[in-house]
Structures are given as C-alpha cells and as structure tokens.
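A look at the structure
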Amino acid sequence: MAIGLDVETPPEPENPEEYDYEKCPFYGELSVRGQILEGTVISTDMDKTVVVEREYDVAVPKYDRQMKRRSRIPAHVPGVLEPLSVGDTVKIAETRPLSKTKSHVVVEVTEEATAEDIAALTRQAEPDRELSTGDVTEGTEEEAVEGDQ
C-alpha cells in the first residue's frame, strides 16, 4: 500500500547509488494517479520501457453487438521490476508524462509468461528443427554430383 494501490511492494534496489529514484513509484518521487490498466507485454525492445497491449470490447449500436479493439501503451519499467519478458501480464498505472510517449508505469507483474504464451505471441508454431548428420551429408552428395556434370 505504499503507493496507494493494492499491489505488493518489491524488494529494495541492490545498488542504491546507481538506482533511478526519480522514475520509481515505490522508492522514489513518482506519484501514480488516474487509470489502472492490465495487459500483456508484447515488446521489450526498448531500454526500461515495455509495450503493453490490452484488448477491450466496444459496443456497436447499429448491429447490437460487441467489437474487440486493441490498444498499445508504452510503459516505464522501474529497476526493481526489471526482468520482464514478452507474454507477461502486468498492471500499469497512469502517471505524469515521463517522455514524449510514456505516461504509464508498471506497478505489478500479475502473471509470468509460459513457453506456449511466448510461442503464440511470436507466431511460431514450433521452433526450427536442427539439422541431423544425415541432412548434412545428403546435401553434399547432391552438390558433388552436380559438380561432376
């Protein structure tokens, strides 16, 4: 309850002199306010930033149906929650603008990603199969026959 939300406080940073307290809601000065959203991490390519995708339903009155929409929200990752991976389900909270695109911060990891989740997000049905010694020798025999002709 240190930040005013019902989330568990992570352990203190290991290197206090190198830690960025300015952008940490737990041990720094960053206040959280406004919306609290939950979504799935779909990108961890940026440094200290993740992209969280959330899916929600929108009413279409003309057809009296629900339509699914998605939004992608860049969120800052405090150093105490650092090792996030693609497929994790996280809770993010709105805060002051941290950069041109970031106005949210990750406050809790609700569910860790499994291997099946990661495969579904990266759209790989199965990993690439490794070549066996038979595959390697078959290719060299065909090249040798082509070279003789």
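Along each chain, residues carry numbers from 1 onward, in the same order as the chain's sequence is written. Residue-level local features of this predicted model are given only where pLDDT is at least 70; pairs of side-chain atoms are given and counted only at 80 or more, and the full residue set underlies all totals for whole chains, interfaces and linings. Processing note: side-chain calculations cover all non-hydrogen atoms of the structure and skip hydrogens and water entirely.

A few words now on the overall build of the chain. The helix and strand inventory of the chain stands at two helices and five strands. Order of helices (α) and strands (β) in the chain, N terminus to C terminus: β-β-β-β-β-α-α. Here the term buried applies to any residue with accessible area under 20% of the maximum for its type, exposed to any over 50%, and partly exposed to those in between, with areas from a 1.4 Å probe on protein chains only. Here the chain holds 149 residues, and the buried ones make up 29% of them. In the structure as shown, the chain presents an accessible area of about 10800 Å², 46% of it carried by carbon and sulfur atoms. Working definition: helices are DSSP H or I runs of at least four residues, strands are E runs of at least two. Numbering for both runs from the N terminus. Per-residue and other accessible areas follow the Shrake-Rupley method at a 1.4 Å probe size, with only the shown protein chains counted as cover for residues.

Our next topic: the pairing of strand E3 (residues 65-76). Note that strand E2 (residues 49-60) and E3 share 12 bridges and pair antiparallel. In the sheet register, Val60 faces E3, and the bridge partner there is Arg65. Between E2 and E3, which pair antiparallel one after the other, the connecting turn spans four residues, and Asp64 there sits at a positive phi close to 55°. Here, any two strands with at least 2 DSSP bridges between them count as paired.

Secondary-structure assignment places Arg96 in the loop between strand E4 (89-95) and strand E5 (104-111). Arg96 sits in the partly exposed class, given a relative accessible area of 33%. Separated by 64 residues in sequence, Arg96 and Val32 have C-alpha atoms that sit 7.7 Å apart. Contacts are residue-level and defined by heavy atoms, with any inter-residue pair within 4.5 Å sufficient. Look past the residues within four positions of Arg96 in its chain and what remains in contact with it is Glu22, Leu30, Arg33, Lys102 and Ser103.

Right, let's get into unusual backbone geometry. The bulk of non-glycine residues show a negative phi, and the bulk of peptide bonds are trans. Positive phi, close to 60°, is recorded for Lys48, a residue that is not glycine. Judged by relative accessible area, which is 38%, Lys48 ranks as partly exposed. Even without being glycine, Asp64 reaches a positive phi, approximately 55°. On the secondary structure map, Asp64 appears in the loop between E2 and E3. Residue classification places Asp64 among the exposed residues on the basis of a relative accessible area of 68%.

Only buried residues count toward a nonpolar core, which is a set of Ala, Val, Leu, Ile, Met, Phe, Trp, Tyr and Cys residues joined through side-chain atoms within 4.5 Å. Of all hydrophobic cores here, the largest spans 25 residues; its most connected members are Phe26, Val50, Ile92, Val106 and Val107. Going through the elements one at a time, strand E1 (32-43), E2, E3, E4 and E5 are the ones with two or more residues in this core. Non-local contacts of Ile92, meaning those with residues more than four positions away in its chain, are made with Gln35, Ile36, Leu37, Val52, Ile73, Ala75, His104, Val105, Val106 and Val107.

Limitation: the analysis is restricted to geometry and does not speak to function.
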